[in-house]
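Fold and geometry: a report
Residue strings, one per chain:
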Amino acid sequence: MYLFSKELAKHGIRKIMDPAERSPQLGRDLQVALVDGSAEKMLVSSYRNGEMPSSYIMDLLEKNVKTLAPSTELHNLMNQLDGFGQDPFLPILEQTEEHIRFTGLAIFKDDQYIDELSFRESYLFRVLFERSTRGYYEVSYKGHYVALMNVASKPDYQFNGPQERPRLTIQLSVEGRLSDAAGLHLDNHGEIKELEQAWAREIKKKTERLTKHFQELGADPLAIGSKARSHYRSFNEAKWEGTYPTIPIEVRVDTTIQNTGLTR
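In this text, all values refer to a predicted model and were calculated from it rather than measured experimentally.

1. Details of the pattern of salt bridges
Evaluated as defined, the whole model comprises 16 salt bridges. Linking Glu116 and Lys6 is a salt bridge whose minimum nitrogen-to-oxygen distance equals 2.6 Å. Of this pair, Glu116 sits in strand S5 (residues 112-118) while Lys6 sits in helix H1 (residues 6-10), and the two are 110 residues apart along the sequence. With relative accessibility at 31%, the residue Glu116 sits in the partly exposed group. For Lys6, a relative accessible area of 13% puts it in the buried group. Here Glu98 makes a salt bridge to Arg48, at a shortest N to O gap of 2.9 Å. Here the residue Glu98 occupies a position in the loop between strand S3 (89-96) and strand S4 (99-109), and Arg48 occupies one in the loop between helix H3 (39-44) and helix H4 (53-64), the gap between them amounting to 50 residues. Residue class for Glu98 comes out partly exposed when judged on its relative accessible area of 35%. With a relative accessible area of 58%, Arg48 lands in the exposed category.

Right under this line is the structure:
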């Protein structure tokens, strides 16, 4: 397990990661995370659950964080640092009294920490980044908040136009199951369709805001550059850095909600 403080990560993690990459004694599935505060204090503190700090953190990363964010094991991090058209991201852990909690995702530009996503934004990031069968989402509907459990989601990246002026459409298919809809009676097909549409509009709005924010940062945690290189023949890597922030990105969302009987 590798833990970095935010302050250290602001100055770059490449040199620190070199020994880990070269060491034959470290597994490629080693977990890596960022700490909001002191990594040393987190590792030497006592916790209410009685677990050793290392076991507590590993359990948190392997069982809980994986339901909310993409995997951030050592081999993934090194591929992001070494590969073209992709920037790293890491989970952020915070120590609060006698507990440790996941607070969001750290976003890097090259090897330097530059920004972070909130706990809620981490779910949206995962939906954009990879196929997923986990996670929860709250959508506002008719003055109520409806809790939906992610059953299956899949992103499909489609490039159009010439390499010099590409356009990107991200087609998201999201299937969910109602977890809680207190105060609502979703007992007919029309109501469910309205909720699906409200959920799709909200995901579209927030994911497009997220992709635009990444472009403004000049960071590419979604590996759009890597995907573009796979799409276009004779791809010009040298010009991509200037092209990436200007690409029009549209997110199209198809949502399906199943199992509504609990609200009837």
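Anyway, onward from the coordinates.
2. Some details on empty space enclosed by the protein
Inspection of the entire model under this criterion finds two cavities of 30 Å³ or more. By volume, the largest cavity amounts to about 50 Å³. Partitioned by chemical class, the residues of the lining of the largest cavity number five nonpolar, three polar and one charged. Its boundaries defined by the atoms lining it, the second largest cavity holds a volume of some 30 Å³. Contributing to the lining of the second largest cavity are Ser71, Thr72, Glu73, Asn76, Leu77, Gln80, Phe89 and Leu90. Contributions of two or more residues to the lining of the second largest cavity are made by helix H5 (74-82) and S3. Tallying contributions element by element places H5 first for the lining of the second largest cavity, with three residues. A class-by-class count of the residues in the lining of the second largest cavity yields three nonpolar, four polar and one charged.

3. Notes on the packing of aromatic side chains
In the structure shown here, the tally under the stated rule is 14 aromatic pairs. Both rings, one in Tyr2 and one in Phe4, keep their centres 5.8 Å apart while their planes meet at 40°; by these two values the pair is tilted. When the ring of Trp240 is compared with that of Tyr244, the centres are 6.1 Å apart and the planes differ by 35°; the resulting orientation is tilted. For the pair shown, Trp240 and Tyr244 are each scored as buried. Above the ring of Tyr157, the side-chain terminus of Lys227 is found at 4.6 Å from the ring centroid.

4. Observations regarding the sheet that holds strand S2 (residues 32-35)
The strand order S1-S2-S3-S4-S5 describes an open sheet built from five strands, whose pairing is mixed. The sheet is open, and its two edges are formed by strand S1 (2-5) and S5, each paired on a single side. Strand-to-strand twist of the sheet, defined as the mean angle between neighbouring strand axes without regard to direction, takes the value 40°. Sheet topology places S1 next to S2; four bridges connect them, and they run parallel. Residue pairing for S2: Ser5 is matched across the bridge by Val35. The strands touched by helix H7 (residues 189-217) within the sheet are S4 and S5, with S5 carrying the most contacts at an inclination of about 165°.

Rules behind the numbers
- Residues numbered from 1 in each chain as written.
- Predicted model: local features only at pLDDT ≥ 70, side-chain atom pairs only at ≥ 80, totals over all residues.
- Heavy atoms only, no water.
- Salt bridge = Lys/Arg side-chain N within 4 Å of Asp/Glu carboxyl O.
- Helix = DSSP H or I, 4+ residues; strand = E, 2+ residues; numbered from the N terminus.
- Buried < 20%, exposed > 50% of the residue type's maximum accessible area, 1.4 Å probe, protein only.
- 1 Å grid on protein atoms, 1.4 Å probe; cavity = no way out; pocket = protein on both sides within 12 Å on 5 of 7 lines; lining within 4 Å.
- Points joined across faces, edges and corners; volume = space filled by probe spheres on them.
- Nonpolar A, V, L, I, M, F, W, Y, C, P; charged D, E, K, R; others polar.
- Phe/Tyr/Trp six-rings, centres within 6.5 Å; stacked < 30°, edge-to-face > 60°.
- Lys NZ or Arg CZ within 6 Å of the ring centre and 35° of its normal.
- Pairing = 2+ DSSP bridges.
- Axes fitted to C-alpha atoms, helices over the stretch in contact; angles between N-to-C directions.
- Contact = heavy atoms within 4.5 Å.

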